[in-house]
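# Reading the structure
Each chain, letter by letter, is given below.
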Protein chains: 2
Amino acid sequence: MSLDEDITPGSIRPGGRTARVRDAVLRAAGDLLAEHGFATLDLGEVAARAEVGKTTVYRRWRTPAGLVADLLADMAETSLPHSDTGTLRGDLLENARLVGKTLTDPRQGRLFRAVIAAATSDDTAATALHTFYDTRLREWTPCIEAAITRGEIPAETDPRAVLSAVSAPLYYRLLASGDPVDEAAMTAAAEAAALAARNGVFTFAAKKSTD
Amino acid sequence: MSLDEDITPGSIRPGGRTARVRDAVLRAAGDLLAEHGFATLDLGEVAARAEVGKTTVYRRWRTPAGLVADLLADMAETSLPHSDTGTLRGDLLENARLVGKTLTDPRQGRLFRAVIAAATSDDTAATALHTFYDTRLREWTPCIEAAITRGEIPAETDPRAVLSAVSAPLYYRLLASGDPVDEAAMTAAAEAAALAARNGVFTFAAKKSTD
């Protein structure tokens, strides 16, 4: 039975059905993005794979970029919680491994490359992508705050700058240089970010002085 | 006169004409990529804007990805030479500013996002992109070698890892987080990379120990 066929009233909650349609559509969209990228993403094909009526998909998501935006919103909701190893270096290494694991996962890595590609040419997708990273970076802010409390790093450290510094080398490998996103890269990313944080490179004051 | 019309033999060297056709086609391809991204890049449109016959463009470049690959090869050839400020921090700051200037230039920034998007879904474009970064990173290797000679950083430092660390945070801002690629970001990128290099984070030995 297709997910948007009429259902006997009362047999399934309307909210439940709506949520299941969204799940099926986003799963299909994610699969197609991972398989073929953003350039060829087609709403009709997504509908067919999700076994949902075309009209439903066009009405609710409107464009491929609209679908990418909702997929990113969904991905942000399922963001993994931050770690608490007791040291900044330990927490940043966990963070680097989490990011690295995502980018090297066959489906996830290709999906990330596809949504980033979408964001390069579409403002709706770009806004959704930035919101996704806002959520991801905010989730790990307590690690930086704990390091400040422990006196490991300056009080005026910018958490977003530290966490971006951990992710950045891994994304650069995935998207630009093509170098492997391996354990050595994850360790170097975490160590370099921890060192720089300890030395005050990522303080708001350092940022302000160059504005 | 269109660039691929027949030209009186002897009036212009054949190599010169071929080079001019390539220049015109790559300029048009770059403009269209910067304006509309990779997804809609069309060889016929490139030919029209370059005032070159469609057949010439299809025969020589075959696909939009083929055009992106040749554009990247051309961009690598015009790579800017490395600086020599006398300190690693100084050279890395110059490198960060050069990368930052490219990524924030309206045409160049959009062009880079477009070719990176192309590389996410096409192997030919991806290979060309990696070769482009090989060239760019190699061009600046003497700065790292000079820092080793001066005794600023360990002898077994991996130049590519240091230089990637400078570029990475700027690319992460452009492609993922959407944070501004500003002077503060460039300074932090250079300082963090120099600090990590001085502390042996980017040595081949450090890399090997985690393999």
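Analysis parameters
Residues numbered from 1 in each chain as written. Chains lettered and ligands numbered in written order. Predicted model: local features only at pLDDT ≥ 70, side-chain atom pairs only at ≥ 80, totals over all residues. Heavy atoms only, no water. Helix = DSSP H or I, 4+ residues; strand = E, 2+ residues; numbered from the N terminus. Contact = heavy atoms within 4.5 Å. Buried < 20%, exposed > 50% of the residue type's maximum accessible area, 1.4 Å probe, protein only. Arc of directions from axis to C-beta. Least-squares fit on C-alpha atoms with pLDDT ≥ 70 in both. Domains from an automatic or database assignment. Buried area = accessible area lost by both parts, 1.4 Å probe. Salt bridge = Lys/Arg side-chain N within 4 Å of Asp/Glu carboxyl O. Polar contact = N/O pair within 3.5 Å; in protein donor to acceptor, adjacent residues only side chain to side chain. Nonpolar A, V, L, I, M, F, W, Y, C, P; charged D, E, K, R; others polar.

### Considerations on the overall build of chain A
- Summing up its helical and strand segments, chain A has eleven helices and zero strands in all.
- Start at the N end of chain A and walk to the C end: the helices and strands fall as α-α-α-α-α-α-α-α-α-α-α.
- Taking the contacts inside chain A whose residues are at least 6 apart along the sequence as the reference set, 67% of them involve residues at least 24 apart.

### Overview of helix α8 (residues 141-149) of chain A
Residue and element names in this part refer to chain A.
- Burial in α8 covers these residues: Thr 141, Cys 143, Ile 144 and Ala 147. Buried residues of α8 fall within an arc of 160° about the axis and therefore sit on the same side.
- Residues of α8 that are buried make contact with α5 (88-104), α7 (123-139) and α9 (159-177).
- Following α8 by one or two positions, Gly 151 has its phi on the positive side, about 80°.

### Regarding the relation of the copies chain B and chain A
- The transform that puts chain B on chain A rotates by 180° and translates by 0.0 Å along the axis, for an RMSD of 0.0 Å. One copy is carried onto the other by what is essentially a two-fold rotation axis. When C-alpha positions in chain B are compared against the rotation axis, the closest is assigned to Ala 117 of chain B, at 2.2 Å.

### A few points about the domain arrangement of chain A
Residue and element names in this part refer to chain A.
- Domain boundaries assigned for chain A yield domain 1 (16-62) and domain 2 (81-210).
- Look at where the C-alpha atoms of domain 1 and domain 2 centre, and you get two points 30 Å apart.
- Every contact between the two is made by eight residues of domain 1 and, on the other side, seven residues of domain 2.
- Together domain 1 and domain 2 conceal approximately 620 Å² of surface at their shared face, both sides included; 63% is due to carbon and sulfur atoms.
- The largest contributions to the domain 1 side of the interface with domain 2 come from Leu 33, Ala 34 and Phe 38, which together make up 70% of the buried area.
- Inspection of the domain 1/domain 2 interface yields one salt bridge.
- Here domain 1 is connected to domain 2 by three residue pairs in polar contact (both at pLDDT 80 or more).
- Considering only residue class, the side of domain 1 that touches domain 2 consists of three nonpolar, two polar and three charged.

### A word on the pattern of salt bridges
Residues and elements named next belong to chain A.
- Applying the stated criterion to the full structure yields 21 salt bridges over all chains.
- The closest approach of N and O atoms between Arg 97 and Glu 183, which form a salt bridge, is 2.5 Å. Linking Arg 97 in helix α5 with Glu 183 in helix α10 (residues 183-198), this pair joins segments that are 86 residues apart in sequence.
- Its relative accessible area of 34% is what places Arg 97 among the partly exposed residues.
- Taken together, the shared-partner salt bridges connect Arg 27, Asp 31, Glu 35, Arg 49 and Arg 107 into one network.

### Topic: the side chain of Arg 22 of chain A
Residues and elements named next belong to chain A.
- Relative to the elements of secondary structure, Arg 22 occurs in helix α1 (residues 14-36).
- Polar contacts involving the side chain of Arg 22 include one to the side chain of Asp 70, which spans 3.0 Å.
- Aside from chain neighbours lying at most four places away, what touches Arg 22 is Arg 60, Trp 61, Asp 70, Ala 73, Asp 74 and Glu 77.

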